[in-house]
Amino acid sequence: MQIIKLRVNGEEVETAIDPRTTLADFLRQHVDARSIHLGCEHGVCGGCTIVINGKMARSCIALAATMDGAEIWTLEGLKDDPAIVQLRQSFHECHGLQCGYCTPGMLITARDIIARYGEPDEKFLREALAGNICRCTGYAGIVKAVQHAAAQLARRD
Ligand code: FES
Ligand code: FES
């Protein structure tokens, strides 16, 4: 077992873990971060996307043992973040989800895209979202929802 100490969603966490534990399993099992959805488990689908030290990352292909000292945010910790609140509303209004399995990863990714690029056009947005796979919607509603959220947030600035 290995001791790690890190911050998750603003809270300090110190625990002993098996060195082979993935970050996704650690966060789901030890911190109850059930917004992390495992699809492919090899870094392709984006369902397990979180924020590590300010950058987007796939938690299924990281080992928890390497996270000593890290600052991690999952969707649970971002529930009151203004961009996430708006994105949730826009996904609802624009039919940006069906089963919802991909949605947490989509929301975190969309938050990052809006923070970095403001109001991207559809072509750019489709490319920026290409790392997040949805098996349900065909992406039209998702793209519309992110553009809607970006526009609403830009109006507030
Ligand atoms: S489960 Fe991590 S990218 Fe698919
Ligand atoms: S809404 Fe079902 S996988 Fe995207």
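Residues numbered from 1 in each chain as written. Chains lettered and ligands numbered in written order. Predicted model: local features only at pLDDT ≥ 70, side-chain atom pairs only at ≥ 80, totals over all residues. Heavy atoms only, no water.

**Things to note about the domain arrangement of the chain**
And step 1. In terms of domains, the chain is made up of domain 1 (2–73) and domain 2 (82–156).
And step 2. Here domain 1 meets domain 2 over a buried area of about 920 Å², counting both sides, of which 57% is carbon and sulfur.
And step 3. When residues of domain 1 are sorted by the area they lose upon contact with domain 2, His37, Cys45 and Met56 head the list and together hold 45% of the total.
And step 4. Inspection of the domain 1/domain 2 interface yields zero salt bridges.
And step 5. Taken together, the connections running from domain 1 to domain 2 amount to five residue pairs in polar contact (both at pLDDT 80 or more).
And step 6. Only strand 3 (49–52) and strand 4 (55–58) provide two or more residues apiece to the side of domain 1 that touches domain 2.
And step 7. Ranked by the residues each element gives to the side of domain 1 that touches domain 2, the list is headed by strand 3, at three residues.
And step 8. When the residues that make up the side of domain 1 that touches domain 2 are grouped by side-chain class, the tally is six nonpolar, six polar and one charged. (Domains from an automatic or database assignment. Buried area = accessible area lost by both parts, 1.4 Å probe. Salt bridge = Lys/Arg side-chain N within 4 Å of Asp/Glu carboxyl O. Polar contact = N/O pair within 3.5 Å; in protein donor to acceptor, adjacent residues only side chain to side chain. Helix = DSSP H or I, 4+ residues; strand = E, 2+ residues; numbered from the N terminus. Nonpolar A, V, L, I, M, F, W, Y, C, P; charged D, E, K, R; others polar.)

**Quick word on the nonpolar core**
And step 1. Formed by 25 residues in total, the largest nonpolar core has its most connected members in Leu87, Phe91, Met106, Ile114, Leu129, Ile142 and Val146.
And step 2. Listing elements by their share of this core, those giving two or more residues are helix 2 (82–93), helix 3 (103–117) and helix 5 (140–156).
And step 3. Of the residues forming this core, the biggest block, seven residues, is contributed by helix 5.
And step 4. Not counting the four nearest positions on each side in its chain, Leu129 is found in contact with Met106, Thr109, Ile113, Ile142, Val143 and Val146. (Core = buried A, V, L, I, M, F, W, Y, C linked by side-chain atoms within 4.5 Å. Buried < 20%, exposed > 50% of the residue type's maximum accessible area, 1.4 Å probe, protein only. Contact = heavy atoms within 4.5 Å.)

**Here we look at helix 5**
And step 1. With 17 residues, helix 5 extends 25 Å from end C-alpha to end C-alpha; this agrees with the ideal 24 Å at 1.5 Å per step.
And step 2. All of the buried residues along helix 5 are Gly141, Ile142, Val143, Ala145, Val146, Ala149, Ala150 and Leu153.
And step 3. In this fold, the buried residues of helix 5 make contact with helix 2, helix 3 and helix 4 (122–128). (Expected span 1.5 Å × (residues − 1).)

**Quick word on the pattern of salt bridges**
And step 1. Applying the stated rule across the entire model yields nine salt bridges.
And step 2. Across the pair Asp18 and Arg20 runs a salt bridge whose closest N-O atoms are separated by 3.1 Å.
And step 3. Note on Asp18: relative accessible area 28%, which makes it partly exposed.
And step 4. The exposed category is assigned to Arg20, whose relative accessible area is 67%.
And step 5. The closest approach of N and O atoms between Arg34 and Asp32, which form a salt bridge, is 3.1 Å.
And step 6. Take Arg34: its relative accessible area is 45%, and that puts it in the partly exposed class.

**Notes on helix 1 (residues 23–30)**
And step 1. Taken residue by residue, helix 1 has Leu23, Ala24, Phe26 and Leu27 as its buried positions. Each buried residue of helix 1 sits inside an arc of 165° when the element is viewed along its axis, so together they form one side.
And step 2. Buried residues belonging to helix 1 abut strand 1 (2–8), strand 2 (11–17), strand 3 and strand 5 (71–73). (Arc of directions from axis to C-beta.)

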